[in-house]
Amino acid sequence: MAVYKRRYAPYIGSLTPEWSRFFVLTRYAFAELFKSRFFVILLILGLVPSLFFACYIFIANSKTVQMLLPMGPTDLFSVDARYFTIMVIVQTQVAFLLNCWVGPVLIAGDLTNGALPLFLSRPFSRTDYVLGKLSVLVLLLSAVTWAPCLLLFSLQAGLARNGWIWSHLWMVVPIVLCSAIWILTLSLISLAVSAWVKLRIVATGVIFIAFFVPAGLGEMFNSIMGTYWGRLLNFSDMFRLILAQGFREKSASGILGPIRWNEIPVTAAWGVLILLCLLSLVVLNARLRAREVVRG
Amino acid sequence: MNPTIELNGLEVQLGGRTVLHSLTGVLKSRAIGLLGPNGAGKSTLINTLLGFHAPCKGSVRVLGLDSHANGKELRSLVGYMPENDAFISKVSGVRFVRYMAEISGLAPEQAMERAHEAFVYVGLGEARYRPVGTYSLGMKQLAKLAQAIAHGPKVLILDEPTNGMDPPARKRLIELIREIREAGDICLLLSSHLLRDVEETCDEVLILRNGQIASICNLVEERRANRKFLELETIGAEATFTSTLEGLGCECAVFTNGRIKVVMPDSVEIREVFKVAADRGVQIRRMNHRRDSLEDIFLNAMEQTGVPDGRI
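Every value quoted in this text rests on a predicted model; they were computed, and no experiment measured them.

1. Remarks on the pairing of strand S7 (residues 155-159) of chain B
Residue and element names in this part refer to chain B.
Moving on, step 1. By the criterion of burial, S7 is predominantly enclosed, with five of the five residues buried.
Moving on, step 2. Burial of S7 is two-sided: the residues Val 155, Ile 157 and Asp 159 facing one way and the residues Leu 156 and Leu 158 facing the other way are all buried.
Moving on, step 3. Relative to S7, strand S6 (residues 78-81) runs parallel, the two sharing four bridges. Looking at the pairing, Tyr 80 lines up with Ile 157 of S7.
Moving on, step 4. Where S7 meets strand S8 (residues 187-191), five bridges bridge the pair, whose relative direction is parallel. Among the inter-strand pairings, Leu 158 is bridged to a residue of S8, identified as Leu 190.

This is the structure in structure tokens:
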């Protein structure tokens, strides 16, 4: 089918492996995202807190810099589990904001323009489609959560020496695992909203509502019933509970706000986040169809 | 060689309602037309072929591959041009086609090359860098065709391809479809409301009505039979005239006011009809000459299945 010949010719070249094709969606989505200046600025701003955390590590490990401070050399700057817990919390908040901007447009555009039958009429399943879109958010949110955390962990390991890395290596697991569960929850919720709501501004609003309204309702429930179980509807707190357990925090104050450590079992927190993921998958399953079937 | 489409008691239910009722038939031609009134089940059949709907009974095979059991394998052979708007609005035309070709498994470089070729081939070369969302309806149809052929499919499924196209664009598209059919080892399934589109591009027709097969007609054989019809208005000795024509092998039906319908075999030319008329002293006041068209086949199928006016 050479241009100059202007005639149809079948394709006889090689094909890419089927398992890798979902990544085409991710690649094209990233290309579109990086065309937006606002997105690039948002991404850069999202990494700014990591710079402050890096400065902290530098100060904690540099006696020279500490001597320049008014209080002189001090043990105040310690890089430990609490430091990384706070860093993960800050970065996951950044991830939430980034997710609210990027997530709503991922599927809605395809649904509005009826592009889904084009994807699904190819050797490309709905799972591949969701995987492709999910990868966009997973990669993006990873870039602002566990990736900078691990980089700073390496930086601290390099600066601290004295076997710091071996005594703190266990922290890699909660950094990655807790970030992963939050990334997965956020991504699936925003994909489900994107599959449901076509307007970006409305979809962003719905994501905010999905996180803040149940939390408010939960607090109301707690006040009326005199219990703490309403906190199950505060998804951020459930994540923090898992995080606190992961980092072996004896006291969760400062991480969980007014909630006490042993009021809600961690298994319940896991249950809530897993349930959210499953609900999102149910919505995606219902919405991502090549053809809509009208009942009746 | 496997038949192009094989329907084995195919039954499809959507929303608790049976849309396709036990379709059974074999279509062997390389270019198949799908006809039927609105709601006949054409789109449901196409969607079932593509694996969008699962059959509740029976099966459908395309080139020997079961649409359900070998869905992925089958879809790797298919190029699909949907009826409704289907595009990615913010990307340029050529990028849209490249994207779709990459999803079909082409490497990025090959996909880009094929996307340019497909765009030039369908006649949108000049507009390929414009966002698809800014295209006119006709251009969107062509862009959909480009994405359907860019990866070089073995089966091309076109659902109402000429929708929204002006006559020159329609003519060009029909020519393209014929070229594609003739150029490569490709099977074509075309669903259209326009009988003329199907007649110009297809060799075999599947006519559906109320989710059932009204007729399967091989147009090639019909054309080969080359039955020629004459509608005459005559004055004079009709009886001797028709008996002489019947002696030549024609079939005649006589109506009131000297109207006669004549079915001519291949061996008889029209001038022989004039000669017989002159010999018998019959005046031919009016003559319509036409072949048995797809419209006749379609209307006939509709009448046989009880649709009085053969609406489409």
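2. Observations concerning the domain arrangement of chain B
Moving on, step 1. Here chain B is described as being made up of domain 1 (5-222) and domain 2 (228-291).
Moving on, step 2. Placing a centre on the C-alpha atoms of domain 1 of chain B and another on those of domain 2 of chain B gives a separation of 44 Å.

3. Some words on the packing of helix H7 (residues 146-160) of chain A against helix H9 (residues 172-196) of chain A
All names here are of chain A.
Moving on, step 1. The contact between H7 and H9 brings their axes to 9 Å, and the two run at 170 degrees. By the criterion of interaxial angle, the relationship of H7 to H9 is roughly antiparallel. Note on element contacts: H9 touches H7 through Val 172, Ile 175, Val 176 and Ser 179, opposite Trp 146, Cys 149, Leu 150 and Phe 153.

4. Here's the deal with the nonpolar core
Moving on, step 1. Val 97, Ala 146 and Ile 157 of chain B are the most contacted members of the largest nonpolar core, which totals 152 residues.
Moving on, step 2. With 13 residues, helix H4 (residues 81-112) of chain A is the largest single contributor of residues to this core.
Moving on, step 3. Beyond its immediate stretch of four places on either side in the chain, Val 97 of chain B contacts Ala 115, Ala 118, Phe 119, Ala 146, Gln 147 and Ala 150 of chain B.
Moving on, step 4. The next biggest cluster of nonpolar side chains, apart from the first, holds twelve residues, and it includes Leu 230, Leu 245, Val 273 and Val 276 of chain B.

5. Examining helix H5 (residues 137-149) of chain B
Moving on, step 1. Spanning 13 residues, H5 of chain B covers 19 Å between terminal C-alpha atoms, matching the ideal 18 Å at 1.5 Å per step.
Moving on, step 2. Here H5 of chain B lies mainly inside the structure; eleven of its 13 residues are buried.
Moving on, step 3. Buried positions along H5 of chain B lie against helix H5 (116-120) of chain A together with S6, helix H3 (93-103), helix H4 (108-122), S7 and helix H6 (167-183) of chain B.

6. Overview of the interface of chain A and chain B
Moving on, step 1. Listed per partner, the contact involves 35 residues of chain A and 44 residues of chain B.
Moving on, step 2. At the level of secondary structure, the elements contributing two or more residues to the side of chain A that touches chain B comprise helix H1 (22-33), H4 and H5 of chain A.
Moving on, step 3. Considering every element that reaches the side of chain A that touches chain B, the biggest residue donor is H5 of chain A, with four residues.
Moving on, step 4. The residue inventory of the side of chain A that touches chain B, partitioned by class, reads 20 nonpolar, seven polar and eight charged.

7. Quick word on the environment of Leu 288 of chain A
All names here are of chain A.
Moving on, step 1. With respect to the element layout, Leu 288 can be found in the segment after helix H12 (266-287).
Moving on, step 2. Once the C-alpha coordinates of Leu 288 and Leu 111 are considered, the two residues, 177 residues apart in sequence, prove to be 8.3 Å apart.
Moving on, step 3. Dropping the residues within four chain positions of it, Leu 288 is found in contact with Leu 116, Arg 126, Tyr 129, Val 130 and Ala 195.

8. Observations regarding unusual backbone geometry
Residues and elements named next belong to chain B.
Moving on, step 1. One non-glycine residue, Glu 160, adopts positive backbone phi at about 50 degrees.
Moving on, step 2. At Asn 210, a position not held by glycine, the phi torsion is positive, near 50 degrees.
Moving on, step 3. In this structure, Asn 210 sits in the loop between strand S9 (204-209) and strand S10 (212-218).

9. Topic: the confidence of the model for chain B
Residue and element names in this part refer to chain B.
Moving on, step 1. Residue-level pLDDT values for chain B average 88, and 94% of them are 70 or greater.
Moving on, step 2. Within chain B, the lowest mean pLDDT, 73, falls on helix H8 (residues 219-225), and the highest, 96, falls on H3.
Moving on, step 3. When the criterion is pLDDT under 50, residues 307-312 qualifies, and its contacts beyond four places in sequence or with other chains add up to ten contacts.

10. Here's the deal with the pairing of strand S13 (residues 259-264) of chain B
Residues and elements named next belong to chain B.
Moving on, step 1. Taking every second residue as pointing to the same face, the buried face of S13 carries Ile 260, Val 262 and Met 264, while none of Arg 259, Lys 261 and Val 263 on the other face is buried.
Moving on, step 2. Bridging between strand S11 (residues 228-235) and S13 involves six bridges; their strand directions are antiparallel. Each bridged residue has a counterpart across the sheet, and for Phe 229 the counterpart in S13 is Val 263.
Moving on, step 3. Judged from the four bridges that link them, strand S12 (residues 251-254) and S13 form a sheet pairing that is antiparallel. From the neighbouring strand, Val 254 faces S13, where its bridge partner is Ile 260.
Moving on, step 4. Counted between consecutive antiparallel strands, the loop separating S12 from S13 contains four residues, among which Asn 257 sits at a positive phi close to 55 degrees.

About the thresholds
Residues numbered from 1 in each chain as written. Chains lettered and ligands numbered in written order. Predicted model: local features only at pLDDT ≥ 70, side-chain atom pairs only at ≥ 80, totals over all residues. Buried ≥ 20, exposed ≤ 12 C-beta atoms within 10 Å, placed from the backbone. Helix = DSSP H or I, 4+ residues; strand = E, 2+ residues; numbered from the N terminus. Pairing = 2+ DSSP bridges. Domains from an automatic or database assignment. Axes fitted to C-alpha atoms, helices over the stretch in contact; angles between N-to-C directions. Parallel < 35°, antiparallel > 145°, perpendicular 65-115°, else oblique. Contact = placed C-beta atoms within 7 Å. Core = buried A, V, L, I, M, F, W, Y, C linked by C-beta atoms within 7 Å. Expected span 1.5 Å × (residues − 1). Nonpolar A, V, L, I, M, F, W, Y, C, P; charged D, E, K, R; others polar. pLDDT = per-residue confidence, 0-100.

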